[in-house]
Amino acid sequence: MTRILIADDIATNLYLLESILKGNGFEVTTAKNGREALEIARKSPPDLIITDILMPVMDGFELCRLWRADEHLKNIPFIVYTATYTDPKDEQFVRKLGADRFIVKPVKPDLLVQEIRSVLLESKDKDGVAKGTGPEDTTGILQEYNEVLFRKLEKKVMQLEEEIVVRKEAEQQREAVIKELKLKNAELARFTYTVSHELKSPLITIQGFAGLIEEEMAKGEENPELKNHVRRITSAVDTLDTLLSDLLSLSRAGKSINTPKPVNFGSLVTESLDLYSRVLAENRIRVEVDPEFPRVNADPARIREVLANLIENAIKYRGDRPDPVIKIGVETGGDEPVFFVADNGIGIEPRYLERVFNLFEKLDGTTEGTGIGLAIVQRIIEAHGGRVWAESEGEGKGTTFRFTLPGAV
Ligand code: ATP
Ligand code: MG
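All of these numbers come straight from a predicted model, not from anything done at the bench.

This next bit is on the overall build of the protein chain. Each helix and strand in the protein chain was counted, giving 11 helices and 12 strands. What you see for the protein chain is a C-alpha radius of gyration of 42 Å, clearly larger than the 22 Å of a compact globule of 409 residues, by over 25%. By principal-axis analysis of the C-alpha atoms, the protein chain measures approximately 125 × 65 × 35 Å. Per-residue burial over the protein chain gives 39% buried out of 409 residues. Of the contacts formed within the protein chain by residues at least 6 apart in sequence, a portion of 69% connects residues at least 24 apart. Surface exposure of the protein chain reaches about 24300 Å², of which carbon and sulfur atoms provide 54%. Each charge class in the protein chain was averaged separately, 55 positive and 68 negative side chains, and the resulting centres sit 3 Å apart.

Right under this line is the structure:
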């Protein structure tokens, strides 16, 4: 039986190769590195050796050099089977050392066996003919060996450097994510605090007046104040109800916009204004709407919500001037259309212009409402991929809310 010696430092590679060869009727001996292979071969020379190059203790180059220099081994066929040394110069060098084949891993088992058989045949043909005495020019070989190793090291260093860059980038990304998470966490903590605070105050009102009613009723006397107490409870319950539905709407605002579709922005304006037609008429508020609007790519229900919030604010913060006006329109001069809802009401001090979009942010605590409206507006616009901002020259100078919607043409 033909006996093959295989050398590889990786156990699975050895096992795989051994199975393939045994399956094809060869007898197999294994070695974990060049030195072990050489010792085994010297004790009992095989018919052929297949070796990996990159191995500890003694690598495949050195093994090949010593093999070809060994009187008893030099005529035994030598196959190099490698995954790491794949450069044509590596092959050249290994050939120069006297290897019969240079096979790059992985190769299909049947091809590998075919190669082995052909190498065995070739060596039989040459039987009796001395297979070279191994390379004589040892300094030349050593120099080349150094060069091959050097190239290998250079490649490895380059790979490592690339890896370091990739890792650094990943690290930076990770830090950015952590930072963002921390910010979000802080925002969430603030949010929870404010929500509990906001929910608590109407509850305290309810508790207080319910207690008073109970006391009064225990006295069994008719008390005209009772009606008042009940009215306050109802009003506090209303506040709670609004707060909760606003919060619900906020939690939905950024998350669920339906797939945007092309809609006429003008119709959305008309429909939103309709909701306020009575208040507008009662308060003699003049409404001026641009005659034409572009079509937008939007979730109509959500954009109506935006417009409703802005219109409601324009009404609520109109102040006490005799000629309140609300203008709704679009500017198409720039890169993209900019929609606006403008009023000539109480205005906003420039330093508060950004703050008004914060959750529960109310510049005047005495007005009705929870300070959620603009936070909802911002989330809806941003969920559409647009921007929203406020402009005002200050107190009494009116306010303009502007926003963009991508896809508007
Ligand atoms: P909600 O809309 O939840 O009922 P709100 O109107 O107080 O309550 P936002 O719509 O978020 O809350 O507005 C936040 C704050 O910004 C308001 O309380 C008000 O101080 C200021 N503000 C909003 N719109 C205007 C406006 N058109 N003119 C002047 N100030 C405004
Ligand atoms: Mg509002």
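Let's shift gears to the site of ligand 1. Looking at ligand 1, there are 21 residues lining it, with N313, D343, G371, I372 and L374 nearest. Interatomic distance of 3.1 Å between a side-chain N/O atom of K316 and an oxygen atom of ligand 1. Between ligand 1 and T399, the relevant distance is 3.2 Å, taken from a nitrogen atom to a side-chain nitrogen or oxygen of the residue. Contact with the protein chains hides 96% of the accessible area of ligand 1, taken as 590 Å² for the molecule alone. At three residues, the largest contribution of residues to the shell around ligand 1 is made by helix α10 (residues 300–316). Its residues assigned to classes, the shell around ligand 1 shows eight nonpolar, seven polar and six charged.

If you walk through the whole model with that rule in mind, you get 24 salt bridges. For D70, the salt bridge is made with R42, and the minimal N-O distance between the two is 2.7 Å. Residue D70 is located in the loop between α3 (60–69) and β4 (78–82), and its partner R42 is located in helix α2 (residues 34–43); the two are separated by 28 residues in the primary sequence. The shortest N-O distance in the salt bridge between E91 and R95 comes to 3.8 Å. Of this pair, E91 and R95 both sit in helix α4 (residues 88–97), four residues apart, roughly one helical turn. We classify E91 as partly exposed; its relative accessible area is 29%. The structure contains a network of salt bridges with shared partners spanning D8, D52 and K105.

Right, let's talk about the domain arrangement of the protein chain for a bit. For the protein chain, the assigned domains are domain 1 (3–133), domain 2 (157–252) and domain 3 (254–404). Domain 1 and domain 3 are separated by 80 Å when their C-alpha centres are compared.

Let us look at the packing of aromatic side chains. For the structure on display, the rule yields seven aromatic pairs. Seen in terms of ring centroids, F61 and F93 are 5.0 Å apart; in terms of plane orientation they differ by 65°. Their pairing is edge-to-face. Taken together, the positions of F61 in helix α3 and F93 in helix α4 put the pair 32 residues apart, joining distant regions of the chain. Given a relative accessible area of 1%, F61 falls into the buried group. On the basis of an interplanar angle of 50° and a centroid distance of 6.1 Å, the ring pair of F265 and F403 is categorised as tilted. With F265 in helix α8 (residues 265–274) and F403 in strand β12 (residues 399–403), this pair connects stretches of sequence that are 138 residues apart. Classification of F265 as buried rests on a relative accessible area of 1%.

Here helix α5 (residues 109–125) contains 17 residues, and its C-alpha end-to-end distance of 25 Å stays within 8% of the 24 Å for a straight helix at 1.5 Å per residue. Inspection of α5 places L112, V113, I116, V119, L120 and S123 among the buried residues, and these make up the whole buried set. The buried residues of α5 all sit within an arc of 120° when viewed along its axis, so they share a single face. Exposed and oriented more than 90 degrees from the buried face of α5 are D110, Q114, L121 and D125. Residues of α5 that are buried sit in contact with β1 (3–7), α1 (11–23), β3 (48–51), β4 and β5 (101–104).

What follows deals with the sheet that holds strand β11 (residues 388–392). An order of β7-β9-β10-β12-β11 is seen for the five strands of this open sheet, with the pairing classed as mixed. Here the strands that pair on one side only, and so sit at the sheet edges, are β7 (286–289) and β11. Across the sheet, the mean angle separating the axes of adjacent strands is 15° when strand polarity is ignored. Two elements, strand β9 (residues 325–331) and strand β10 (residues 338–343), share six bridges in a ladder whose sense is antiparallel. Across the sheet, residue I326 finds its bridge partner in β10, namely D343. Contacting β7, β9, β10 and β12, α8 runs over the sheet at an angle of about 170° to β7.

Conventions we followed
Residues numbered from 1 in each chain as written. Chains lettered and ligands numbered in written order. Predicted model: local features only at pLDDT ≥ 70, side-chain atom pairs only at ≥ 80, totals over all residues. Heavy atoms only, no water. Helix = DSSP H or I, 4+ residues; strand = E, 2+ residues; numbered from the N terminus. Rg over C-alpha atoms; globule rule 2.2 N^0.38 Å. Buried < 20%, exposed > 50% of the residue type's maximum accessible area, 1.4 Å probe, protein only. Contact = heavy atoms within 4.5 Å. Areas by Shrake-Rupley, 256 points an atom, 1.4 Å probe, with all protein chains shown as cover. Lys, Arg positive; Asp, Glu negative; His and termini not counted. Charge placed at Lys NZ, Arg CZ, Asp CG, Glu CD. Near = heavy atom within 4 Å. Polar contact = N/O pair within 3.5 Å; in protein donor to acceptor, adjacent residues only side chain to side chain. Nonpolar A, V, L, I, M, F, W, Y, C, P; charged D, E, K, R; others polar. Salt bridge = Lys/Arg side-chain N within 4 Å of Asp/Glu carboxyl O. Domains from an automatic or database assignment. Phe/Tyr/Trp six-rings, centres within 6.5 Å; stacked < 30°, edge-to-face > 60°. Expected span 1.5 Å × (residues − 1). Arc of directions from axis to C-beta. Pairing = 2+ DSSP bridges. Axes fitted to C-alpha atoms, helices over the stretch in contact; angles between N-to-C directions.

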